[in-house]
Every structure is written in C-alpha cells, then in structure tokens.
Amino acid sequence: MKDSAKLIFESQDKRIYKDGGNLIKVFGKGYSKAEVLKAALNNARVEETELNIPKIHAIEVFDGEWAIVQDFIEGVTLQSLMDKYPEKEDEYLNLFVDLQMSVFSKKVPMLNKLKDKMQAKISATDLDATTRYELHTRLDSMPKHTHLCHGDFNPTNIIITNDGTPFIIDWSHATQGNSSADIARSYLLFYLAGKNELGDKYLKLYCKKSDTAMQYVQRWIPIVAASRLVKAPDSEKEFLHGWIDVVDYQ
C-alpha cells in the first residue's frame, strides 16, 4: 500500500484508508476471496443504476489481505447530521425515506434473490424446528418482488457531500426482492441503535409515503430478525429473539 494512504477507520475485521480521491477497504484474513469479490461485484452491478454510489476501481491484495479500492466520498454521514441538528429530524428522515424509495425503484436482475438468502440464514439459526418451519412458511408465502434492496440501509450508510448530494455506500449485502423486507431491517436497525421512537416515526412515514400497510411490513420483522441472528453479536441476540415470536404476528 502507498505511504500516502491514511488510516481513517479500524475495526476488528476491517481497516479503511484514504488515498487521495480513493478509499481503500482492507478486509481481515477472516474474509475469503469469494466474500470480497462478491461484495465488489454487488457494488459494480448497482453502479449500472442511476443511484449515487461510490464506484469501484480495483481489487488488490496487501500482505495477504484482500482490499477494494473505490471512490472516496467527501462529506458527513446523515447520522452525524441527525445527531448534530436534532431540530431537523423530520427533514432528514424525509430524505432518508425518499432515498430508500429511490433504491426500491431500481432493478438489478443479476443480484442474488433476497428470499434465497433469508431462507438459508433461517436454516442456519439455532432456533427450534417449529419456529424455523413457521418462519420458512411465512417467508415462502410473501409476494415475490424484484426491487433492489440495500440490506443495511441506515443513516450511517448515507454520506452528504458539501454541495448537499447524498451518496449511498456499502452495497455488500445488496439483493433483489421484496422492499418491505428492507424496510423491516431498517426499522430493526433503529431499535438496535436505541432509537425506538425514531424507528416508529420512520416506519409510519415510509408506509404513508409508499401507501404500504404497516401490518404488512410488521409481518417481515420476525423473518428479518431471524436472518440477522446468525452473525449477530451476543449483545443483540436477546433483542432479536424477542422479535422472532411469530405467534404475535399471526
């Protein structure tokens, strides 16, 4: 890696560097070549839409670790703005919902199907057989759509540039499927961040803008919670189990 690259973020399994106009995301040795290439391919396929997203320039290897080189988007996250200017919460939440609806308006037919991914994740949980059966059955009964779904749509994955242009980042979990599943996931992410009231306001706003029944989105919540359970940290598991009680949603 060039000496000019500056480390700007580090976690247990990733490091992110800025090198001029590029961002270099280095994946830890726990990531396989296939996982990194899939994340890059997802991004490349979404680049073919009209959405504002960082474009990938290269896949490289640094000291045995795979890395993706892409555009560095200069700006601040929508989450940072929401924290800094709480009086503008409604304005920012409207922007958030409008951006998510713009994502759903796109089709990327080469992406994996959301239902297939969720069926596999439910099978991989440690839930009892009866609960897995109920979740599989419910998921199978949901309408089959082909909307572009982000998979981790939350305010930290939206960057607002200095001129006010919003960019959506981190497309590694992108799939095609039912948009209400992605809404349920964003709703859970607000709750996991301890922003319950904001999550409720978000769900009501989205359902109003899209003319979607709130009960329909709620039917997705146990499915989405179960799919997240597989790789969830211990701190999330009790919360997720609380949402997986499918009986409450019959």
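Just above, that's the structure.
All values reported here derive from a predicted model rather than from experimental measurement.

How each quantity is defined
- Residues numbered from 1 in each chain as written.
- Predicted model: local features only at pLDDT ≥ 70, side-chain atom pairs only at ≥ 80, totals over all residues.
- Heavy atoms only, no water.
- Salt bridge = Lys/Arg side-chain N within 4 Å of Asp/Glu carboxyl O.
- Helix = DSSP H or I, 4+ residues; strand = E, 2+ residues; numbered from the N terminus.
- Buried < 20%, exposed > 50% of the residue type's maximum accessible area, 1.4 Å probe, protein only.
- Pairing = 2+ DSSP bridges.
- Contact = heavy atoms within 4.5 Å.
- Axes fitted to C-alpha atoms, helices over the stretch in contact; angles between N-to-C directions.
- Parallel < 35°, antiparallel > 145°, perpendicular 65-115°, else oblique.
- Left-handed = near helix turned anticlockwise from the far one by under 90°.
- Nonpolar A, V, L, I, M, F, W, Y, C, P; charged D, E, K, R; others polar.
- Phe/Tyr/Trp six-rings, centres within 6.5 Å; stacked < 30°, edge-to-face > 60°.

(A) Inspection of the pattern of salt bridges at higher detail. Using the criterion set out here, one finds 8 salt bridges in the structure. Across the salt bridge formed by D98 and K209, the nearest N and O atoms sit 2.7 Å from each other. One end of the pair, D98, is in helix α3 (residues 89–104); the other, K209, is in helix α7 (residues 196–210), and 111 residues separate them in sequence. Look at K209 and you get partly exposed, because its relative accessible area is 32%. Sharing partners across several salt bridges, the network here consists of E89, D90 and K201.

(B) View of the pairing of strand β3 (residues 22–27). Within β3, 5 of the 6 residues are buried, leaving the element largely enclosed by the surrounding structure. With 6 bridges joining them, strand β2 (residues 14–19) and β3 adopt antiparallel strand pairing. Looking across to β3, one finds that D19 is bridged to N22. Hairpin connection between β2 and β3: a loop of 2 residues separates the two successive antiparallel strands, and G20 in this loop has a positive phi of roughly 65°.

(C) Seen up close, the environment of G151. As for its position among the elements, G151 is in the loop between β7 (147–149) and β8 (158–160). Not counting residues up to four positions away in its chain, the partners in contact with G151 are H173, D182 and R185.

(D) Main features of the packing of helix α6 (residues 179–192) against helix α9 (residues 234–243). Put simply, α6 and α9 touch, their axes get as near as 11 Å, and they point 135° apart. When the axis of α6 is compared with that of α9, the two are oblique. Judged by the twist between their axes, the crossing of α6 over α9 is right-handed. Contact with α6, carried on its side by Y187, L188, Y191 and L192, involves E236, F239 and W243 of α9 and no other residues of that element. Of the residues in the contact of α6 with α9, the class split is 6 nonpolar, no polar and 1 charged.

(E) Molecular detail of the pairing of strand β4 (residues 56–62). Inspection of the sheet shows β4 paired to strand β5 (residues 65–71) by 6 bridges, in the antiparallel sense. Note that in β5 the partner of V61 across the bridge is W66. Once β4 ends, the chain turns through 2 residues before running back antiparallel as β5, passing D63 with a positive phi of about 50°.

(F) Geometry of the sheet that holds β5. Taken in spatial order, the 5 strands line up as β1-β2-β3-β5-β4 in an open sheet, and their pairing is antiparallel. Two strands lie at the open edges of the sheet, namely β1 (6–10) and β4, each paired on one side alone. The mean inter-strand angle of the sheet, taken between neighbouring strand axes irrespective of direction, is 25°. Here β1 pairs with β2 via 4 bridges, running antiparallel. Residue pairing across strands places E10 opposite R15, the latter belonging to β2.

(G) Layout of the packing of α3 against α6. Between α3 and α6, the least distance of the axes is 11 Å, while the angle of their chain directions is 150°. Taken as axis vectors, α3 and α6 run roughly antiparallel relative to one another. Considering only the axes of α3 and α6, their crossing is right-handed. Each of L93, F96, Q100 and F104 in α3 lies in contact with α6, whose residues at this interface are S179, D182, I183, S186 and F190. Its residues assigned to classes, the contact of α3 with α6 comprises 5 nonpolar, 3 polar and 1 charged.

(H) Summary view of the packing of aromatic side chains. A full pass over the atoms with the stated rule returns 11 aromatic pairs. With 6.0 Å between their ring centres and 85° between their planes, Y187 and W243 make a pair best called edge-to-face. Of this pair, Y187 sits in helix α6 while W243 sits in helix α9, placing them 56 residues apart in sequence. With relative accessibility at 7%, the residue Y187 sits in the buried group. Residue classification places W243 among the buried positions, given a relative accessible area of 16%. On the basis of an interplanar angle of 90° and a centroid distance of 5.7 Å, the ring pair of Y191 and W243 is categorised as edge-to-face. Within this pair, whereas Y191 is found in helix α6, its partner W243 is found in helix α9, the two being separated by 52 residues in sequence. Here the aromatic residues F96, F153, F190 and Y202 are joined through ring pairs into a cluster of three or more.

All we've got here are geometric facts, nothing functional implied.
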